[in-house]
Structures are given as C-alpha cells and as structure tokens.
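Listed here are the chains, written in short residue letters.
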Amino acid sequence: MQSSPSPRSPLSGHSPLSRRGLLAAAGAAGAAGLLGAGPAAAAAPPAGGRNSAALVIRNASVFTGVTGTERRGPLRAVAVGRDGKILATGTDAALRRYVGRDTEVVDARGNTVMSGIHDGHVHPLGAGERSLSPSLESAETTPAELLEILTGFLADTGGAAAEPDGWLVVEDWNPVGLLPVGTAPHHSVLDALPTRRPVVLIGGDGHNLWANQRALDIAGITAATPDPVGGKVVKGADGKPTGVLKDDAQGLVRRLIPEHTRAELVAACAEVLGLAAASGVTTMMDALVGRHELELYQALSAAGRLPQRIVPAIRLDADQAKDTAGSLAYARGLRKEFGGVRGIRFGMIKVFLDGVIEYPAQTAALLEPYLDANGKPTANRGELYTSAADYGRLSAAFNRAGWQMHAHGLGDRAVRTALDGYEYARKVTGQRDARNAVAHLQIVNPADLRRFARLGVAACMQLQWATRDTWTVEALLPYIGPERHRWLYPARSLEKAGARLTGGSDWPVDALQVWNQLRTAIDRQGSEGAGELYRAQEALSRDTTLRMHTSGTAWQLRQEELTGTLEPGKAADLVVLDRDVTRCPVADISGTGVRMTLVGGRVVHEADSASGRAAAARLARAAAAGARPASYASVHGGGKGRHHACGH
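The present account deals with the structure reproduced in this document.

Conventions adopted
By convention here, each chain's residues receive numbers from 1 onward along its written sequence. In keeping with the model being predicted, local features are shown solely for residues with a pLDDT of at least 70 and side-chain atom pairs are shown and tallied solely at 80 or more, while totals for entire chains, interfaces and linings include all residues. To obtain the side-chain values, all non-hydrogen atoms of the structure were included, while hydrogens and water were left out. In this text, helices come from DSSP runs of H or I with a minimum length of four residues, and strands from runs of E with a minimum of two, each type numbered from the N-terminal end. Aromatic pairs are defined between Phe, Tyr and Trp rings, using the six-membered ring for Trp, whenever the two ring centres lie within 6.5 Å; interplanar angles under 30 degrees are classed as stacked, those over 60 as edge-to-face, and all others as tilted. Per-residue accessibility, obtained with a 1.4 Å probe over protein chains only, is compared with the maximum for each type, and a residue is labelled buried under 20%, exposed over 50%, and partly exposed between these values. Charges are assigned to positions over rings by a cutoff of 6 Å between ring centre and Lys NZ or Arg CZ, combined with an angular limit of 35 degrees from the ring normal. A helix is expected to span 1.5 Å multiplied by its residue count minus one. Within this analysis, the arc is defined by the directions that extend from the helix axis to the C-beta atoms. Whether two residues touch is decided by their heavy atoms; if any such pair falls within 4.5 Å, the residues are in contact. The criterion for strand pairing is that DSSP finds at least two bridges linking the strands in question. Every axis corresponds to a line fitted to the C-alpha atoms, with the helix fit spanning only the stretch in contact, and the corresponding angles, defined between N-to-C directions, vary from 0 to 180 degrees. Buriedness of a pocket was judged along seven lines, with at least five required to meet protein on both sides within 12 Å; pockets are open sets of points on a 1 Å grid over the protein atoms alone, cavities are sets where a 1.4 Å probe fits but cannot get out, and lining residues have an atom within 4 Å of a point. Grid points are joined across faces, edges and corners, and a volume is the space filled by probe spheres set on the points. Residue type decides the class: Asp, Glu, Lys and Arg count as charged, Ala, Val, Leu, Ile, Met, Phe, Trp, Tyr, Cys and Pro as nonpolar, and the leftover types, Gly among them, as polar. Here a polar contact is taken to be a pair of N or O atoms separated by no more than 3.5 Å, where protein atoms must pair a possible hydrogen donor with a possible acceptor and residues adjacent in sequence count only if both atoms sit in side chains. Roughly parallel means an angle under 35 degrees; roughly antiparallel means over 145; roughly perpendicular covers 65 to 115; every other angle is labelled oblique. Each crossing gets its handedness from the near helix: less than a right angle anticlockwise from the far helix is left-handed, clockwise is right-handed. By convention, orient the strands away from the viewer: a clockwise path from the first strand over the helix to the second makes the crossover right-handed.

**Thoughts on unusual backbone geometry**
Working note: non-glycine residues mostly have negative phi, and peptide bonds are mostly trans.
Inference 1: Cis rather than trans, the peptide bond between Glu-163 and Pro-164 has omega equal to -5°.
Inference 2: Residue position: Pro-164 is located in the loop between helix 4 (143-156) and strand 8 (168-173).
Inference 3: The omega torsion across Trp-507 and Pro-508 is 10°, close enough to zero to call that bond cis.
Inference 4: The phi dihedral of Tyr-489 falls on the positive side, at around 45°, and the residue is not glycine.

**Focus on the packing of aromatic side chains**
Inference 1: According to the stated counting rule, one finds five aromatic pairs in the structure shown.
Inference 2: On the numbers, 5.4 Å between centres and 45° between planes, the contact of Trp-173 with Trp-210 is tilted. On the criterion of sequence distance, the pair formed by Trp-173 in strand 8 and Trp-210 in strand 10 (residues 208-211) is long-range, its members being 37 residues apart. One exposure class covers both Trp-173 and Trp-210, and it is buried.
Inference 3: Considering the side-chain rings of Phe-398 and Trp-403, the 6.0 Å spacing of their centres and the 80° angle between planes classify their relative orientation as edge-to-face.
Inference 4: Of note, Lys-350 hangs over the ring of Phe-352, and the distance from its end group to the ring centre comes to 4.1 Å.

**So, helix 9 (residues 291-302)**
Owing to its 3.6 residues per turn, the α-helix aligns residues three or four sequence positions apart on the same side.
Inference 1: An ideal rise of 1.5 Å per residue puts 16 Å on 12 residues; helix 9 measures up with 16 Å between its terminal C-alpha atoms.
Inference 2: Three or more residues of helix 9 are buried, namely Glu-293, Leu-294, Leu-296, Tyr-297, Leu-300 and Ser-301. The arc that holds every buried residue of helix 9, seen down its axis, measures 160°, which confines them to one face.
Inference 3: Close packing links the buried residues of helix 9 with helix 3 (124-130), helix 8 (262-278), strand 13 (281-289), strand 14 (309-316) and helix 11 (324-338).
Inference 4: The first or second residue beyond helix 9 is Gly-304, which carries a positive phi of 70°.

**Structural notes on the sheet that holds strand 20 (residues 574-577)**
Inference 1: Taken in spatial order, the five strands line up as 2-6-20-21-22 in an open sheet, and their pairing is mixed. Only two strands of the sheet have a single neighbouring strand rather than two, namely strand 2 (61-63) and strand 22 (602-606). Strand-to-strand twist in this sheet, taken as the mean axis angle between neighbours without regard to direction, amounts to 20°.
Inference 2: Alignment of strand 6 (residues 112-115) against strand 20, held across three bridges, turns out to be antiparallel. Within the sheet, the bridge partner assigned to Met-114 lies in strand 20 and is Val-575.

**Looking at the layout of surface pockets**
Inference 1: Considered as a void within the structure, the largest pocket measures approximately 1600 Å³ in volume.
Inference 2: Glu-129, Arg-254, Leu-288, His-292 and Glu-293 are the residues nearest the centre of the largest pocket, which is lined by 48 residues in total.
Inference 3: For the lining of the largest pocket, the secondary-structure elements that each account for two or more residues are helix 3, strand 8, helix 7 (251-254), strand 13, helix 9, strand 14, helix 10 (318-321) and strand 15 (348-352).
Inference 4: A per-element tally of the lining of the largest pocket places helix 3 first, with five residues.
Inference 5: Of the residues that constitute the lining of the largest pocket, the class distribution is 19 nonpolar, 14 polar and 15 charged.

**Concerning the side chain of His-485**
Inference 1: Relative to the helices and strands, His-485 is located in helix 15 (residues 477-485).
Inference 2: A polar side-chain atom of His-485 sits 2.6 Å from a polar atom in the side chain of Tyr-534.
Inference 3: When residues no more than four places from it in sequence are discounted, the contact partners of His-485 are Thr-472, Leu-476, Leu-477, Ile-480, Leu-533 and Tyr-534.

**So, the environment of Leu-178**
Inference 1: Structurally, Leu-178 is set in the loop between strand 8 and helix 5 (187-191).
Inference 2: For the pair Leu-178 and Thr-141, spaced 37 residues apart in sequence, the C-alpha to C-alpha distance is 5.4 Å.
Inference 3: The contact partners of Leu-178, leaving out residues within four places of it in the chain, are Thr-141, Pro-143, Leu-146, Thr-183, Ala-184, Pro-185 and Trp-210.

**Describing the sheet that holds strand 12 (residues 241-247)**
Inference 1: Taken together, five strands build an open sheet; the order of strands is 8-9-10-12-11 and the sheet is mixed. A strand with exactly one partner marks an edge of an open sheet, and here the two such strands are strand 8 and strand 11 (231-235). Across the sheet, the axes of successive neighbouring strands diverge by a mean angle of 20°, strand direction being ignored.
Inference 2: When strand 9 (residues 199-203) meets strand 10, the two strands line up antiparallel, connected through three bridges. Within the sheet, the bridge partner assigned to Leu-201 lies in strand 10 and is Trp-210.
Inference 3: In the packing of helix 4 onto the sheet, contacts are made with strand 8, strand 9 and strand 10, and the angle to strand 8 comes to roughly 135°.

**Focus: helix 12 (residues 388-400)**
Inference 1: Its 13 residues place the ends of helix 12 18 Å apart at the C-alpha level, agreeing with the 18 Å of an ideal helix rising 1.5 Å per residue.
Inference 2: Looking only at helix 12, the buried set comprises Asp-390, Tyr-391, Gly-392, Leu-394, Ser-395, Ala-396, Ala-397, Phe-398 and Asn-399.
Inference 3: Tucked inside the fold, the buried residues of helix 12 contact strand 14, helix 10, helix 11, strand 15, strand 16 (404-409) and helix 13 (412-429).
Inference 4: Immediately beyond the C-terminal end of helix 12, within one or two residues, lies Gly-402, with a positive phi of roughly 95°.

**Concerning the packing of helix 12 against helix 13**
Inference 1: Orientation of helix 12 relative to helix 13, taken along the N-to-C sense of each, is 45°, at an axis distance of 7 Å. Here helix 12 is positioned oblique relative to helix 13, judged by the angle of their axes. Here the hand of the crossing between helix 12 and helix 13 comes out right-handed. Residues Ala-388, Tyr-391, Gly-392, Arg-393, Ser-395, Ala-396, Asn-399 and Arg-400 of helix 12 form the contact with helix 13, whose own contacting residues are Thr-417, Ala-418, Asp-420, Gly-421, Tyr-422, Tyr-424, Ala-425, Val-428 and Thr-429.
Inference 2: Each residue belonging to the contact of helix 12 with helix 13 can be placed in one class, and the counts come to eight nonpolar, six polar and three charged.

**Quick word on the pairing of strand 14**
Inference 1: Counting buried positions along strand 14 yields seven of eight residues, so the element is predominantly enclosed.
Inference 2: As judged from the five bridges shared by strand 13 and strand 14, these two strands associate in the parallel manner. Note on strand 14: the bridge partner recorded for Asp-286 is Pro-312.
Inference 3: This β-α-β element, strand 13 to helix 9 to strand 14, shows right-handed connectivity.
Inference 4: Bridging between strand 14 and strand 15 involves four bridges; their strand directions are parallel. Within the sheet, the bridge partner assigned to Leu-316 lies in strand 15 and is Val-351.

Now the structure itself:
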C-alpha cells in the first residue's frame, strides 16, 4: 500500500514531496545525467546557497550498497545536487546544511532509500507490443475452455467484419498449459474455431508459437518445410506440421502478421516503461534488440518518454553467429545510426544458445538426455543453436572490438558452451575484463561453477522463477530427475564459487513483480510458490540480493562508476520505498511500494501523482492476479485462474 505524504517536513518546513519543485530544481542538469556516464552540466548556484541541494531525503533507512558502510553507523539522509548527482549521505543532522530556501525535503518515514533497480535482462518494448493484443495471461485450460476464450477474442477484434483475412494474434499462450496434463497443441484444436481467419497464439516464454491451418497455409508451411537454423517446425507422426513452431521457426509466420502503427507502439511502450519506473527500475538491459526496437527507442526518446537508462543488446541469430565479420558490421552499423539517441548506450550483443527446458518444449541444451514420463533416458538432449567454436570466435571478435556478449544459456550444455566460448575469447584476446554474461542458468553443472569467477563472467539470474510450482515440478522434475533438479537456479552455489551475480526479470516472459523477484531470491518461495526450492542450498542473503539487483547489474553493464550505489558524485538514480526492505519480514518484501523514483536526479515516478496512482493500481491488479499456479492440482481444484508462465 502506498503511504500518504506527511503534512510538512520537520527538517525544513518544505512540502515533503513536490514533483514540480523537484523537476524545476533538478531541471535540465538532471536530464543530462540520464544520458550516460559523462558529467552532467553544471547548474548555477542556488538561491539558498552554493552548497544547498535540490532535494534532501531525511528520516530514511539508507542502503548505500557500499561495502562497509554499515560499520560506520546507520545513515538516515541523502542529499541530491542540482546537477542530478548525489551530494552526500549521512545523518539527518549532518545533511541539514544542504537545505536551502528552495530545497525540496522528503520525509522517508523510516523506510528504505536505495539505488534504483537495475534490470539486467528484460524485454520492455516486447511488453508494450504484447499489451496491444488479447492475452491468455498464461492460463491453463482444457481445449474446450481455450476455444471459448478465443471465440470471445474473435468477437472483440472485429468479429464478422474481420473475416476472412484479419489475423487474430493472441499473446501469453502457456505452452505447458493444455489440460489434462500432457495434452499436445495441434492446429486441429484452433481449426475448430468459428472463423476462417488466420489465428496465432504467441507463447509467453518467447520460444513457442501455435498456428491454425489457415495461418500455416498463408505461410506456405507443409510437410516438406525444413527446420530453419535455430528453430523447429514441429511435425506429427504423419509427418505433417502440428501448427507449433519453436524458436527461430516462429519467423515463418511472424513475418506475415500485420504490424501495429508506430503511434500505437510508442504509446503502449511509454505506458509499460512507466510501470517499470513505478516498480523502481532505473536501468534496463533490453535483451532482444534489432532495428525495429531501436526505432521505437528513438521515437520514445524524441518524445521525452524514455524514463530509464537503456542498454540495448543487439540480437544475432544462429546464422549471424557463424559470420563474425558480417555480424560486426551489422552491429557497428546500428550503433552508428542510432548511437546519438538520448538515453541509450550501445555495447552489448545477445545470442540464443538454446531454448526452454519445460515439457513439452524441451529445447534447452542438456549434457545428458531428457527422461521420458517413466524416468527412462530419451535420445533428446535439446537444441544447441551455436557451437562452442563459433561462439568463441564471435565472442573474441566482439570483445576485441569493445563489445560485451550476453548468452541465453538455460540448460547445462548451453551454459558450458557459453563458458567454453568465453574461455577461448579470453585466451586469444588476452582481455581480463570483458564482462561477458550468461543469462537464466536454470541448470548449471557443478563442474562449471568456478569457471564464472575465473573467467570474469556475469551470472545473470531471473530468480522469481526459483520456487516450487508447476514449471519447476510437474513440467520438469520427472523429465530431468532429482539429481539434476537439485541444481535449479544455483544462486548461492555460484556466489560461493566467487561468481558475480546480476539480476533480471525477463519481463514480459515473467510478470513484472520486481520486489517479489527479490523476495524469492531470499526465501526461494515467493508469493506464489507451493514451497521452497532448495532454500537451504541456494537461497541468498538479503544483502547479497539487494546488491545483485543494483551494484551487481551496474557492474555487468559497465556503469558502476555512474550508478548502482548511493555515493557522492554518482548519479541520483534512487528509489524511496514504503517500507524498510532491509529489516521487514522477508515475506513483506513482495508487497513493497515505490513512493518515488529518480533517474539522474529527475523524478520519473511519484506515487502521489495521478500517473503514479494509475501505475500503482495497474501493478496491484497484476500482483493480485498471481504470478503462476502452485501446481496442476491447485488449478484443477481451483477453477481456471490467471497465471504467468516461467518461460525460458
């Protein structure tokens, strides 16, 4: 619940929270601080004195994120300068000298003030684009229930006027959600809809697409269609397409779907970026970027609707990963064309090494085969889209050119492939601070744990998934067995092995529930779990979790000199919370509200504003809907429900 503002601040008599005053005080200098690591423009001396602040936050529990700060005693206040940088942290009494006639003063009411959250793996524009289509919200349904829902979507998206050629595109389909358990998706189910329209269900995991026969026909997909590199056209026992397309095979249909207008996309993306700001996110590494996304960021920036710092990761497909020279030219061309966009900073490359692990997809690359429903080994070890040799050559070339690599590595074979590639790159380039990363890390072989520290590789984890639920138990445990299952999301094991831990949400693959994400890293259960997932072995401390999602990710993104901790001289990218997350019960962290978010000293979210209240209400509705079901049994006993899949 959002706190209401106190009537007046006892420190200075100023109104405790005035967005207009803060914007006027931080002004253009704060906006300049948003743009990158360079120094912000100096502001003229304030009327209240040369050393007075634009903002002082008092009566706070300040988590600076700086190791050893706690030993010097509790810090209760933060002063923000007119250049958008932090002037000082200290006690209320010590920072009183920064309060001038026009300094805004915020009473934090004893709650946490800390660095803004740095999301090291997220797809914010994807969340915006998804919001423009009907959503199944990852519901688990019988085929009959699914058809009932989709029939309603047909009516909502044009009805008879859209026949026969208006595409119905539905987001957030749950690839493991057909009931009873084990029911496989087939185009014949969708063909039973009362329509001639092409129908496409987009998997919430980003790795699966389900199309009806009309869509397959338009795309020219037949029994003779080969699997594209990095993808799979799923075919039945009769050799004909089932309608399910995996990974890069999705493009066979996706390329034909009519696009939304630029204005629609910009408006939708601006709204979801506002939700991220209301959740306390101040930096995002967009983990799937091409020209389309860069053009949207360009439009958002030009419209003044880009509240966070953005590090775009340029996505290379499996074919590009084999063409080092061509890939370098492609990335450099995009950087040259869009490098002047205010608010974004280039330097990251993204490659998918494998797919997803849950049944029935099972495209994550494993060292040992998947098991069948009876626990017997199969011939399937998943899909490895890029070899270690190719990934090593690619990493070496980009590292030498000053770029970082970010690998999607979910299965233990994909993780090892990424590490082998980085080891090769390190050997041939001699670089010791490349800061390459592996994301997701759903299973890591114990033999590879220490390699992260030795190679200086960031372990970018999405720990809202680290709970006992449908996806970690029913859809996974029988198919990999208990020995491998024990190594799901091995966060503490990686920490003990010296790895740099960084955090990400993978939103909208998973729900945007930032504080539940942090809570789950600590208790391995979260707000929706049916139980703890190896808490004794893999849970993180509260301090480690807070640093992982702030200074840890800032290090991953090469901006630790700019953000990630509250230190004098750094950009004022910070949040004021509605509780003390350093001391409250762990379970209470999930419900944390953000009173105010600043980026470069500029207010990008204020809970008491009209837009802030609207964003908070939308986040509350999403949280009330639930992140995911605890088990198939609970779904069977509890009705249809709305759930979000764990995804990749």
